[in-house]
Every structure is written in structure tokens, then in C-alpha cells.
Amino acid sequence: MEAANSLLDAAAVGDLVLLDPLTEESLLHTLQERFHRGDIYTYIGNVVISVNPYRSLPIYTPEKVQEYHNCNFFAVKPHIYAIADDAYRSLRDRDRDQCILITGESGAGKTEASKLVMSYVAAVCSKGEEVDKVKEQLLQSNPVLEAFGNAKTVRNDNSSRFGKYMDVEFDFKGEPLGGVISNYLLEKSRIVRHVKGERNFHIFYQLLAGGSVKQLQHLKLRQDCRHYSYLNRESSGLPGMDDAANFHATQDAMRIIGFSPAEVMALLEVTAVVLKLGNVQLSSSYQASGMEACSIAEPQELQEICELIGLDPSRLERALCSRTVKARDEMVLTTLSVPQGYYGRDALAKNIYSRLFDWLVNRINASIQVKPGKQRKVMGVLDIYGFEIFQDNSFEQFIINYCNEKLQQIFILMTLKEEQEEYVREGIQWTPVEFFDNSIICNLIENSKCGILAMLDEECLRPGVVNEDTFLTKLNQLFATHKHYESKETQNARRIMDASLPPQCFRIHHYAGKVTYNVMGFIEKNNDLLFRDLSQAMWAAQHALLRSLFPEGDPQKVSLKLPPTAGFQFKASVATLMKNLYSKNPNYIRCIKPNETKTAMLFTPELVLAQIRYLGLMENVRVRRAGYAFRQLYGPFLERYKMLSPQTWPRWAGSDRDGAEVLLAELAFPPEELAFGHTKIFIRSPRTLFDLERQRQERVVQLATLIQKMFRGWRCRMHYQRMRKSQIIISAWFRGHMQKNKYKQMKRSALIIQAHVRGWKVRRAYRRYFRAGASARLANFIYRRLVQKFLVSLGRNLPSLVVTDRTWPPAPYKFLADANQELRSIFYHWKCKKYREQLTPQRRALLQAKLCASELFKDKKTLYSKSLQQPFQGEYLGLTQNPKYQKLHAVAKDKLVMADTVRKVNRASGKTVPRLLLLTTEHLVLADPKAAQPKTVLSLGDIRSVSVTRFSDGFLALHLKETSTGGAKGDFLLVSDHLIELITRLHQTLMDTTAQALPLHITDQFSTRFQKGDVAVTVVESAKVDSNVPVCKKRGSHKMEVLVH
Ligand SMILES: Nc1ncnc2c1ncn2[C@@H]1O[C@H](COP(=O)(O)OP(=O)(O)O)[C@@H](O)[C@H]1O
Ligand SMILES: [Mg+2]
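Computed from a predicted structure; not experimentally measured.

Trainee: A description of the overall build of the protein chain should follow, citing residues and the corresponding values.
Mentor: Of regular secondary structure, the protein chain possesses 34 helices and 31 strands. Dimensions along the principal axes, computed over C-alpha positions, put the protein chain at roughly 220 × 90 × 70 Å. The buried share of the protein chain, taken over its 1045 residues, is 49%. Considering only contacts within the protein chain whose residues lie at least 6 apart along the sequence, 64% involve residues at least 24 apart. Summed over its atoms, the accessible surface of the protein chain is roughly 52,700 Å², and 55% of this surface lies on carbon and sulfur atoms. A distance of 24 Å separates the average location of the 144 positive side-chain charges in the protein chain from that of its 109 negative side-chain charges.

Written out as C-alpha cells, the structure reads:
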């Protein structure tokens, strides 16, 4: 609660309402104390007092903005942001239009304050492209208006020389939509004249200092200020103000607002024209009639002006130096004197500039205005020129001070008088507080019958000699006894000696002090006349902007009616402004100027005390202390806070007042905090209100949560119910669908079963009663038919009777395969039998021998396959034919089985010798071929066994039984060309005679028995030897090798 404590700080309370004791001294002391601490803001309730520090303070940072955003007004350090926030929230949340009234003397910080408020509101309201653009445009209107409407005065280097009221418009969400700017009475006398030490409007200096060479050339301007008489021909720079940079800022701002480059150029052209008009010099000349007349002294400047605005120089010259006067329905051109000429020139410059300024405001408004039709809330910020007291005060000061007087009146009415009256009206117990009511002064000035402004207008319109003297005399008569009016004459009447009041003046006791006004120039300024010739000349120019500023110059629209006076216009616009302000909720910022010298942190107590007095701060505090901080009609109050009590929420049945009472009773605030008026509830301290507001906010959050909760619950329930319904529908359909499918399937199955059963039953019955066994017979028939067909076709297609042909047609049906095979074999056997039967006995014997050979040798000896082709001839020698073999023939006669030539292997050397071999049914005879004498005769019974090789040679070993007679020499080794036949016949013969098979060894190694012992014979395969002729080689006494191929 650091901030709250700062409000209650004993030495320097933040809210003067808490001041104790309440005296002027303590109030002044508090302000001074706070000022020295750097706390320039102080409250009186919700009125902010701001003391100008004249130096930049670190309290306007974005962090500060955040700190004050949605803050509790009385819980934070006093700050202008707090009041801006309060106003903005009240606008957004309570839907109340707001106005922020910033008052104070010139240089007290009003313009700065208004900018701070605007920038704060811009910073806290929501963001977005569109919104940012609007904000930027609204903020950028400031530099433009300041360039054209502000000037340095003795009191303020950047003094606003016009009044400004800006309505910022928001939508229901509090987002800025746009705005409207109204301007009041630009101090145009400054264009042509200003006090030494002051300056003309900033724009002139900015343009000369910051305009590019090209721009200045185009505008026909020189950079040097001293060249221009309206700029007072003195050095113009201001410390801390960079005119050139400001000019760029102004141009940027215009661009952002939406000025086109052409518009900016036109604007600068007109500005240049005003500046140059000041340099148009007039000189006196004498006409032929001897009358004094004026003429242009040096045509150069006039020439340039006319080039800029597209006008004939002679036309402007004529308008400046002469005047058309209407005399008896006749227009007469009269020449002007030099002072008259200058008067006309200056009036033209002033008019052009002030109209240009109005155009500028309208142009800005065109950019920032809100499209019609949108509902909006308004926050008005009023920054009007402050109360001014100069050495020499003229019509402008009179008007300015009148305006301030009106603002003070609003303040008094709203905060003091109205408040007190309201207490009385509402029947609240109340001790009235004395305060100064300035309506008497306002009345003195603005009374439409006998106010000073009315008198002035009367003087201006009156025919005859019109001057300020008659005007002053009239005032003196009317207000001779007025408490707030003084002049030399009234003083004299009261016998008061006052050297400070010169004769040509009157003095008004304003709420803020006495101001002495010099009446000189009042009438002229009030009339604000511009010779018609000049406005017509301007209208005739080709420059579109300038032309549009002088619509009355159009000869078609000549009106004889005098335009309303400046005073009248101002009074009317002030009245509109007041009406506007009254309709809004006011927020006050009262600016105080701590010293006259613009010195940083200097506090001049006397000066501040005077302001405290005239601002009525003491009374303000008193009323505030006695009164109630907040009031509201029972209805809206109950509506806003009814949610704080279960009795009033959600609806209260009784009257609003009863509701409010019940509600507040329940919240148990101290009784002195509340007062119940006839129609309104009054709450004494802001703290209570904030407490109420805080509770409401908490409750609103709870209620929002409740609504959210209910809504979410409802939504979920609905959703659930819909889902449930849908689920039921879907499952019903699905189940139905399933059952239907199942039923269909069952039905189909039942039908199939039924059909089968029926079929079966019928077939059973059918079988019993009709054609029983028909199928078997049918099958049998078909079977037999097939067999028949098969056999017939077989019979037709029998294969040839060649025994080697083993082909046979395949079975046409599988069931006939076995039979077919059987038939095939039968047929084959039959075919063979047939073949055998037609053979001759010789052929048969031969074939038998072949068969036997096959049994003995097939797949055992290579030679066999070669022997297949050779028929067994048996008799190779030709025993019968050759007489040489007579003897042998005799031996073998009748019993000869085979006769051939063989080679006998010498048992000792292995060499072979030819021998004749005869095989008979009983013997085997070897004979010498030359002598044809048998050498060896072996009985077949002596042959033990025969050994042959596996190869294709004709080698054989004839093993003899040991006991045999012929075996004395041992086994015989022979080589025969017909080995197969030889052995086969030997075998057959043995079989025939002894019924014993010949023991035959087909081997590679065997042993033979020779006379000298056993010899191991090894058959060796060798490529060297001839295929049929084996070579025997003796290897030692017991080994022999037979090389075969
Ligand atoms: N809050 C402030 N902080 C710092 N300087 C300020 C502040 N308010 C005013 N000033 C200074 O005072 C000068 C005059 O203020 P301004 O607002 O122009 O006065 P007014 O509009 O009342 O005539 C400004 O130029 C500025 O230097
Ligand atoms: Mg100002």
C-alpha cells in the first residue's frame, strides 16, 4: 500500500481533501513540498492539480502507462494517467461521454496535459491495424495544428494561440473510431504584429529553416527570417526548438493524416503568400486631383505573390491601393491613403491566414471523422488558451479571458454550486460552503442586452461616427456601479485615485485577477472587416485553395449584409462549447504555473497562491470534504451493483431505493459513508466506491464463470443427448440390418435343407417304386460298352508283329489301364511265341547260344557288346573242306561244337603262338596249325574254371583240375578272336554233358597254376596295346601282367 500511503503522507498528502489543518498556507506548503519531491500531480478528490515542472520527468514511460492501466484511482500515486484512465473506463464501461477540462494560465501546461491524456488513451485502448491508423491520425493532428496555431509568447515558448476542443469518438468496445476538432478564435493579430521577444506562428520559421532549396525556390522565399517584416526582422531561433526538424515532423504528420503532396504544397503556397504580403511596401503619391493616394513601392514582391497564386498583379495592386465604394447606387473607386492601404494589406494577410487555419482544421477533420451511423461514445479534450494578463491587454485578451471565465463557471457550477444544490435538493443534511460565483462577471461580458460584447456590437453597427471613446463612455454609464467593472471615470465617480488605470482603458475584476483592457482597436477587431475588393481579388486568383477561402469574393454572391462580428461569433461558439461540455461527465485538470520565468523546478509561492485563490481550490477542497464523492440515481445504481446481494440478484421486486438500501445494508459499509437522497444514493469516500466496484468486479467474474459453467453444462448435455439419440438410432438400424441378414441366411439354409430332404425323400420313394437298380444297370451297360469300344478299337489298331516293336496304344480310360497293360504283355508274349515257332533248329541253337552269351557276359565284359553283331559260326576252320585238317576232322567228327584258331600264351615268356582249337561235346583239343596234329586234348571234365578280363580283349585263362591228365603243364592262357562264342559254347557243352555250369570268373586279378608253381595274373589296362590282342608280360617267376585295352 505504498501508493495509498503516499496519498496519506503527513507532510505532503496526495489528496488535498485529507489535508489537516486546511488553510491556504498548508495547501500551498503541501503543493510546494510535493513539487520539490518531483510529485507534480496532486488530487482534490478526482480533480487533478498539475504544477508545471518545466523539465522532463521520467513518469510518462510505457511502464507507467501499464501501472495506471485499469488502476484503482485512489490506490496509486496521483498522476494525470489516473484521471485519463478513470475517464476512459467510465466511458467504456459505464457508457458515459466524458470531457476533460484542462484549465490554467498560459504556460501552465495545458497543452502538454492534453497530449498526455491523448497518448495515454491511445496506448491503453486496443490495438489493431485499423485502430492504430486512427490513433496515429488523431495524435498527428497535434504537430500540424501546433505548427500553424502555436507561437512563442513571453509566457510560453509554445503557446497555443487558438482554442482547441477535440472530441475523440469510440465504439462500444472502447476502440477509437475517429474524432472532430473544433477551433476557437485564432489570435490573428499576431500575423502582422507581435511584441518584442515573442514570435509569429511557428510555421513561418519552420518553413524558412526546414524547407528544401527546391521548395523555397518554388515558393519564392528566402531562407533568412530577417528579410520578412512580419517576422519582425529579428533573429528568430529559439533555444530547445529545432524549427527545421519540426518542419519535417509537420510534413510527416500531414502525410500520415492523409494530406496529398499537392495539398501540402498548396497550403505552403498560401502560407508563403501571407509572409510575402508583409513585404509589400506602399508609398504615397499624389493624384492629379491633388488627393493623396498610395501605390506599390516596389513591384517585385507583389509580382511574385501574383505568380504564386495565379493572379494579374494589376488586379491585386488595384485592390490594395483603392477601394470601391457604393455611393447612391453607384460604384465609385476611391483611392486609399498609405495607412489605409497598410490596414487593408494586413487585414488581407490576417484573413488569409485565419481562414487557412480553419481550412486546415476542416481538412484534418475530413480525415479523422467517423462515418455516420455508427453508435459512438465521446471523450472531449478541451485545451483552450489560458487566462492572460499582459502589460497591454486588447480585444484578444478580453475574449480569451471571457472564455476562461466561462470555463471557471462550469467548474463552479459542476463542482461547487451544483453539488451543494443537489444535496439540498436530495434532502441530504448539508452545511453550505461559501464560494465565489463568477456568473456575475460572465453576465457582465455576455449579457445579450447589456453585456460588454453586446455594447461593442452595437457600437460597430451604429451609423455615424464610431470609435472606441463612445464605446467606453457607454460602458461607463452602464456599469458605473458594477462591482467587477472599473474605469477612470467610475473611479473618479467613487473618488478613487488609481494611477495604474489609464484613461483609454477599462478594468474587469476577473475571477483570476484584475485585467485592464485598452479599448483601442476593439471596434476594428470586432468588425474584422476585409475590403470587398480584396476578397474579390482573392477569389479571382487561380490558386484553388486560396480561392476557396474567399467564397464571398464571388461577384455573383454579393451580400450587403454585414458578417457577424468576431465577438458575436466567439460568444456563440463558446455557448455551443459550454452546452457540449455540460452534456458530458467532466474531469478536471487544473494546471498551475510555478514561476514566470519558465525555470525548471522553481516554485514561487506568491504566484502559486494567487492561482490557488482564483482557481478556488480551497473551496473545492471544502466542498469535497463535506460532500460525497459519488452519487447516482437509485435505478442505475441498483442495476450496476445488484449482483452483490442474493436479495437483489437477479431481480429486485420493490422500489429501486429499497433495493439499494437492502443491498448496502448487506454490504455493511459504515453508515457515515452513505446517504440516501430522494432520488440518488450518495457515497462519501471514493474508497467506498472503489471497494464496491472491486466487489462487483469479483462478483462479475464469478457470475461470468457461472454462466459459462451453466452454458457449458447445457451444451455438453445437449451434445450428449444428441449423441445418445443418434447412437440408439444407429444401433437399432444396425441390429435390424443384422437380424434381417441373419434371417435371410437362415431362410436360404432352410430352403436348401428342405430341398435336399424333399429330394432325398422323393428319390427314396422313387427308387422303391420305379426302376430300382436302373442306375447300376445303366452303369454296367455303359461300362461294358466302353470296354467293347476299347477292345474293338484295339483290335483294329494292333501294333506290328515285329518283336522289337514294343509300342502299344494307351488306355482310353483310367479304369482300363491295368487291363490294357495286361493285354499288352499278353500280346507281346504271343508275338514272341509266334516268332520263336517260325525259327529253324539252327537258328534256334544260334539264338540259344546268343542268349546264353548274354546271360554270361551282359554288362560284365566290354567285349560282349561287340560280339552282338557277329553271328556264332562255330566252324571257322573249314575242317571239311581243307584236306589238311583231315586228321582233326576225324577226331572231332559228329561231335564238333566249335573249330577256331587261337593263340596260346607261352607260360614262361608270355609270347603267343597260334594253335587250332577244337571243341567237341567231350573234349577240348589244341592242335598245331602246321601239322594239324593235336597237341593237347583235354576232357571237358578237367576244366575247373575259366577266367577272363572285364575288357574287350580275347584273353582267357583255362584253369584245369590238378588231377587231370592234360593239366600237368598247368593252366592254359589263350587269346581267342571269338572269345564270347568260345566260352558260351564251352558252357553250353558242359551243361549238356554234365548238367553243370561252367565256373566263369570275370576278373582283373586271378591266379593260375603252372608247372613251376602259381602265377598271379594282373590285368592292366593300357592304351598301348591293340584292342583285341592282349600282351602278356612275365614279371618274375610268379607274376604276369596282361596288358589290355
Ligand atoms: N508535464 C510536464 N512536464 C514537463 N514539462 C512540461 C509539462 N507540462 C508543461 N511543460 C513545459 O511547459 C511548457 C508550456 O506548456 P504548455 O502546455 O504549452 O502550456 P499551456 O498550453 O498551458 O500554455 C511546455 O512547452 C513544456 O516545456
Ligand atoms: Mg497551450
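Trainee: Kindly report on the coordination of the magnesium ion (ligand 2), identifying the contributing residues and their values.
Mentor: For a metal bound by four donors in tetrahedral geometry, the ideal donor-metal-donor angle is 109.5 degrees, whereas six donors in octahedral geometry ideally sit at 90 or 180 degrees. Only T111 (OG1) and S160 (OG) from the protein reach the magnesium ion (ligand 2) as donors, at distances of 2.0 to 2.3 Å. You can see T111 sitting in helix α5 (residues 110-124) and its partner S160 sitting in strand β5 (residues 159-160), a full 49 residues away along the chain. A relative accessible area of 8% means that S160 is categorised as buried.

Trainee: Break down unusual backbone geometry for me, citing the residues and quoting the values.
Mentor: A cis amide bond, omega 5 degrees, links W649 with the succeeding residue P650. With a phi close to 55 degrees, K598 is a non-glycine residue in the positive phi region. Positioned with a positive phi, A668 is a non-glycine residue whose angle comes to about 55 degrees. Considering the arrangement of structural elements, one finds A668 in the loop between α27 (656-667) and β18 (674-676).

Trainee: Give me the sheet that holds strand β28 (residues 1005-1010): which residues, what numbers.
Mentor: Two orientations exist for strands paired in a sheet by backbone hydrogen bonds: parallel and antiparallel. The 4 strands lie next to each other as β28-β29-β31-β30, forming an open sheet whose pairing is mixed. The two strands at the open ends of the sheet, each matched to only one other strand, are β28 and β30 (1031-1035). Here the average twist between neighbouring strands, direction ignored, is 30 degrees. Where β30 and strand β31 (residues 1039-1044) come together, 5 bridges link them in antiparallel fashion. Note on β31: the bridge partner recorded for V1031 is L1043.

Trainee: Account for the site of ligand 1, with residues named and values stated.
Mentor: With respect to spatial proximity, 15 residues lie near ligand 1, and among them N52, G107, K110, T111 and N156 are the closest. At 2.7 Å from an oxygen atom of ligand 1 is found a side-chain nitrogen or oxygen belonging to K110. When isolated, ligand 1 has an accessible area of 550 Å², and the protein chains bury 84% of it. Taken together, the residues of the shell around ligand 1 break down into 4 nonpolar, 7 polar and 4 charged.

Trainee: Outline empty space enclosed by the protein, listing residues and values.
Mentor: This model, assessed by the stated rule, comprises 4 cavities of 30 Å³ or more. Put simply, the parts of the chain that give the lining of the largest cavity at least two residues each are α5, α6 (129-149) and β6 (163-170). Examining the composition of the lining of the largest cavity, we find that 4 residues originate from one element, α5, more than from any other. Its residues assigned to classes, the lining of the largest cavity comprises 11 nonpolar, no polar and 1 charged. Quantified by volume, the second largest cavity comes out at close to 60 Å³.

Trainee: Break down the environment of V946 for me, with residues and values.
Mentor: Here V946 lies in strand β24 (residues 943-948). For the pair V946 and I1002, spaced 56 residues apart in sequence, the C-alpha separation works out to 8.5 Å. In this view, V946 contacts L956, A957, L958, H959, I983, L986, L998, P999, L1000 and H1001; residues no more than four positions away in its chain are not counted.

Trainee: Account for the pattern of salt bridges, with residues named and values stated.
Mentor: Opposite charge on two side chains lets them pair, provided their charged atoms get close. The full count for this structure, using the stated rule, is 50 salt bridges. Between R694 and E698 there is a salt bridge; the shortest N-O distance is 3.2 Å. With a gap of 4 residues between them, R694 and E698 both fall in helix α28 (residues 686-769), about one helical turn apart. With a relative accessible area of 41%, R694 lands in the partly exposed category. Overall, E698 belongs to the partly exposed group, its relative accessible area being 43%. Counted as one network, the salt bridges with shared partners bring together R161, E187, R190, E198 and E388.

Trainee: Account for the nonpolar core, with residues named and values stated.
Mentor: Formed by 187 residues in total, the largest nonpolar core has its most connected members in F148, I352, L360 and F506. Residue contributions to this core peak at 13 residues, all from helix α14 (residues 338-368). Excluding residues within four positions of it along the chain, F148 makes contact with F201, I203, L267, T271, Y353, L356, F357 and L360. Judged by nonpolar contacts, the second largest core, of 32 residues, contains C852, A853, F872 and L956.

Trainee: Go over a positive patch on the surface with me, naming the residues and quoting the values.
Mentor: The grouping of R758, K761, R763, R764, R767 and R768 at the surface amounts to a positive patch. Inspection of the secondary structure puts R764 in helix α28.

Trainee: Which residues make up the packing of aromatic side chains, and what are the values?
Mentor: Taken as a whole and assessed by the stated rule, the structure comprises 31 aromatic pairs. Measuring from ring centre to ring centre gives 4.6 Å for F411 and Y588, while their planes differ by 90 degrees; the resulting arrangement is edge-to-face. With a gap of 177 residues between them, F411 in helix α15 (residues 395-426) and Y588 in strand β16 (residues 585-592) connect regions that are remote in the sequence. With relative accessibility at 1%, the residue F411 sits in the buried group. With a relative accessible area of 4%, Y588 lands in the buried category. On the numbers, 6.5 Å between centres and 15 degrees between planes, the contact of Y634 with F676 is stacked. One end of the pair, Y634, is in helix α26 (residues 634-641); the other, F676, is in strand β18, and 42 residues separate them in sequence. Among the aromatic residues, ring-to-ring pairing joins F395, F398, F471, F479, Y485, F506, Y517 and F522 into one connected group.

What counts, and at which threshold
Residues numbered from 1 in each chain as written. Chains lettered and ligands numbered in written order. Predicted model: local features only at pLDDT ≥ 70, side-chain atom pairs only at ≥ 80, totals over all residues. Heavy atoms only, no water. Helix = DSSP H or I, 4+ residues; strand = E, 2+ residues; numbered from the N terminus. Buried < 20%, exposed > 50% of the residue type's maximum accessible area, 1.4 Å probe, protein only. Contact = heavy atoms within 4.5 Å. Areas by Shrake-Rupley, 256 points an atom, 1.4 Å probe, with all protein chains shown as cover. Lys, Arg positive; Asp, Glu negative; His and termini not counted. Charge placed at Lys NZ, Arg CZ, Asp CG, Glu CD. Donors = N, O, S within 2.8 Å, 3.2 Å for Na, K, Ca; no water. Pairing = 2+ DSSP bridges. Axes fitted to C-alpha atoms, helices over the stretch in contact; angles between N-to-C directions. Near = heavy atom within 4 Å. Polar contact = N/O pair within 3.5 Å; in protein donor to acceptor, adjacent residues only side chain to side chain. Nonpolar A, V, L, I, M, F, W, Y, C, P; charged D, E, K, R; others polar. 1 Å grid on protein atoms, 1.4 Å probe; cavity = no way out; pocket = protein on both sides within 12 Å on 5 of 7 lines; lining within 4 Å. Points joined across faces, edges and corners; volume = space filled by probe spheres on them. Salt bridge = Lys/Arg side-chain N within 4 Å of Asp/Glu carboxyl O. Core = buried A, V, L, I, M, F, W, Y, C linked by side-chain atoms within 4.5 Å. Patch = residues over 30% accessible without salt bridge, like charges linked within 9 Å, V, L, I, M, F, W, Y side chains within 5 Å. Phe/Tyr/Trp six-rings, centres within 6.5 Å; stacked < 30°, edge-to-face > 60°.

Nothing here speaks to function; it is all geometry.
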